[in-house]
Amino acid sequence: MNRGTLYIVTAPSGCGKGTILENAADKHGLVYSVSATTRAPRTGEIDGVHYFFKSREDFEEMIKNDDFLEYAEYCGNFYGTPRDAVEKLIEEGKDVLLEIEVQGAMKVMDKLPQAVTLFILPPSVRELKRRLLKRGTEAAEVVEERVKKAICEIPFAKHFDFVIINDDINNAIRDFDACIIAAKHLRKCHGKDIDNKITEVLENE
Ligand code: 5GP
């Protein structure tokens with residue numbers, strides 16, 4: 001059976017990724033990887049569905065046990081991708097969606113260069129701040145901290161395969177969809193793959 005594809009999506013908080021990702025997951029049968037976090041659940045968030053909510057001690061224990069494919073600290077909380085769950089899904093041929101911040105995304109790119117990477121940009125920092133304040137899930141000082149974080153994250157977009165600008169949600173959904181379709185059709189060549197491919201081309205004189 002063919003192994004599944006890993007899609008890494010990074011979008012600074014407030015980029016409106018939720019709707020874009022739900023649409024892509026539905027349309028392309030992508031399976032969300034559920035991360036572990038030390039952040040407190042927001043209203044409506046369910047343990048095991050949105051995140052595995054962990055104490056700091058439990059999270060540190062998981063780090064010690066090498067349970068994470070990657071983990072990072074973001075605005076004072078830990079977030080991590082459980083390694084076994086992702087590997088099992090990929091092995092089963094499922095296409096998996098990792099929705100993670102920049103540091104984690106860069107680590108996974110390093111370990112798994114065959115992953116397809118997408119970055120969702122807000123149209124501006126001002127708009128991002130407006131959306132975060134309107135969402136109202138975080139206190140004003142947390143919004144400030146997330147905006148600062150976004151300003152640091154945005155330049156990393158250049159390391160991703162695809163960059164989508166969410167200035168209009170319907171356009172962003174369409175663009176994201178086009179990227180997934182392109183990624184499915186274009187076989188990505190990286191590292192050893194490209195060496196093998198070049199050898200194969202040269203050998204067939
Ligand atoms: P939030 O608190 O808004 O749910 O998430 C904060 C940030 O953590 C978001 O940028 C989200 O993409 C990121 N995040 C969620 N899960 C993970 C994870 O497993 N690893 C890393 N590195 N970042 C994550």
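Residues numbered from 1 in each chain as written. Predicted model: local features only at pLDDT ≥ 70, side-chain atom pairs only at ≥ 80, totals over all residues. Heavy atoms only, no water.

Would you take a moment to explain the layout of surface pockets for this structure?
In this approach the atoms are scanned with a rolling probe the size of a water molecule, which exposes any empty space left behind. Estimates place the volume of the largest pocket at around 960 Å³. Forming the walls of the largest pocket are 34 residues, and the residues nearest its centre are Lys 17, Arg 39, Arg 42, Tyr 51 and Glu 99. Secondary-structure elements contributing two or more residues to the lining of the largest pocket are α1 (17-28), β5 (68-74), β6 (77-82) and α6 (140-153). With five residues, the top contributor of residues to the lining of the largest pocket is α1. When grouped by side-chain class, the residues that make up the lining of the largest pocket number twelve nonpolar, eleven polar and eleven charged. Of the pockets and cavities examined, the second largest pocket occupies roughly 550 Å³. If you trace the second largest pocket, you find 21 residues lining it, with Arg 3, Gly 4, Thr 5, Leu 6 and Gln 114 closest to the centre. Sorting the residues of the lining of the second largest pocket by element identifies β1 (6-10), α3 (83-91) and α7 (169-185) as the ones contributing at least two each. Residues of the lining of the second largest pocket, tallied by class, amount to ten nonpolar, four polar and seven charged. (1 Å grid on protein atoms, 1.4 Å probe; cavity = no way out; pocket = protein on both sides within 12 Å on 5 of 7 lines; lining within 4 Å. Points joined across faces, edges and corners; volume = space filled by probe spheres on them. Helix = DSSP H or I, 4+ residues; strand = E, 2+ residues; numbered from the N terminus. Nonpolar A, V, L, I, M, F, W, Y, C, P; charged D, E, K, R; others polar.)

I keep staring at the site of the ligand and nothing clicks. Help me out?
Taken together, 16 residues sit near the ligand, with Arg 39, Tyr 51, Tyr 79, Glu 99 and Glu 101 positioned nearest. In this structure, an oxygen atom belonging to the ligand sits 2.6 Å away from a side-chain N or O atom of Ser 35. Gly 80 has a polar backbone atom sitting 3.1 Å from an oxygen atom of the ligand. Here the ligand loses 96% of its free accessible area of 510 Å² to cover by the protein chains. Assessed atom by atom at 2 Å from the grid points, the ligand resides in the largest pocket. Put simply, the parts of the chain that give the shell around the ligand at least two residues each are β5 and β6. (Near = heavy atom within 4 Å. Polar contact = N/O pair within 3.5 Å; in protein donor to acceptor, adjacent residues only side chain to side chain. Areas by Shrake-Rupley, 256 points an atom, 1.4 Å probe, with all protein chains shown as cover. Sits in = over half its atoms within 2 Å of the grid points.)

What is the right way to read the sheet that holds β1 from this model?
Neighbouring strands of a sheet are bound in pairs by backbone hydrogen bonds; such pairs are parallel or else antiparallel. Strand order in the open sheet formed by five strands is β2-β7-β1-β8-β9, with parallel pairing between adjacent strands. Each edge of the open sheet carries a strand with a single partner, namely β2 (31-32) and β9 (162-165). In this structure, β1 lies alongside strand β8 (residues 116-121), joined through four bridges in parallel fashion. Bridge pairing in β8 places Ile 8 opposite Thr 117. (Pairing = 2+ DSSP bridges.)

I keep staring at the side chain of Asp 177 and nothing clicks. Help me out?
Relative to the helices and strands, Asp 177 resides in helix α7. Excluding residues within four positions of it along the chain, Asp 177 makes contact with Lys 27 and His 28. (Contact = heavy atoms within 4.5 Å.)

Any chance you could explain the packing of aromatic side chains here in plain terms?
Note on aromatic pairs: each is described by the distance of the centres and the angle between the planes. For the structure shown, the criterion picks out nine aromatic pairs. By way of ring pairs, the aromatic residues Tyr 51, Phe 53, Tyr 74 and Tyr 79 are connected into one cluster. We note Lys 107 situated over the ring of Tyr 71; from NZ or CZ to the ring centre the distance is 5.0 Å. (Phe/Tyr/Trp six-rings, centres within 6.5 Å; stacked < 30°, edge-to-face > 60°. Lys NZ or Arg CZ within 6 Å of the ring centre and 35° of its normal.)

I'm lost on the sheet that holds strand β3 (residues 36-37) in this one. Help?
Strand order across the open sheet formed by four strands is β4-β3-β6-β5, with mixed pairing between neighbours. The two strands at the open ends of the sheet, each matched to only one other strand, are β4 (52-53) and β5. Where β3 and β6 come together, two bridges link them in antiparallel fashion. Paired with Thr 37 across the strands is Tyr 79, a residue of β6.

Explanation requested: the pairing of strand β7 (residues 96-99) in the structure shown.
Side-chain direction in a regular strand flips from residue to residue, so the side chains alternate between the two faces of the sheet. For β1 and β7, the ladder comprises four bridges, and the chain directions are parallel. Opposite Ile 8, over in β7, you have Leu 98 as the bridge partner. In the sheet, β2 pairs with β7 via two bridges, with the strands oriented parallel. Looking at the pairing, Val 31 lines up with Val 96 of β7.

Take it as geometry only, folks, not as evidence of what the structure does.
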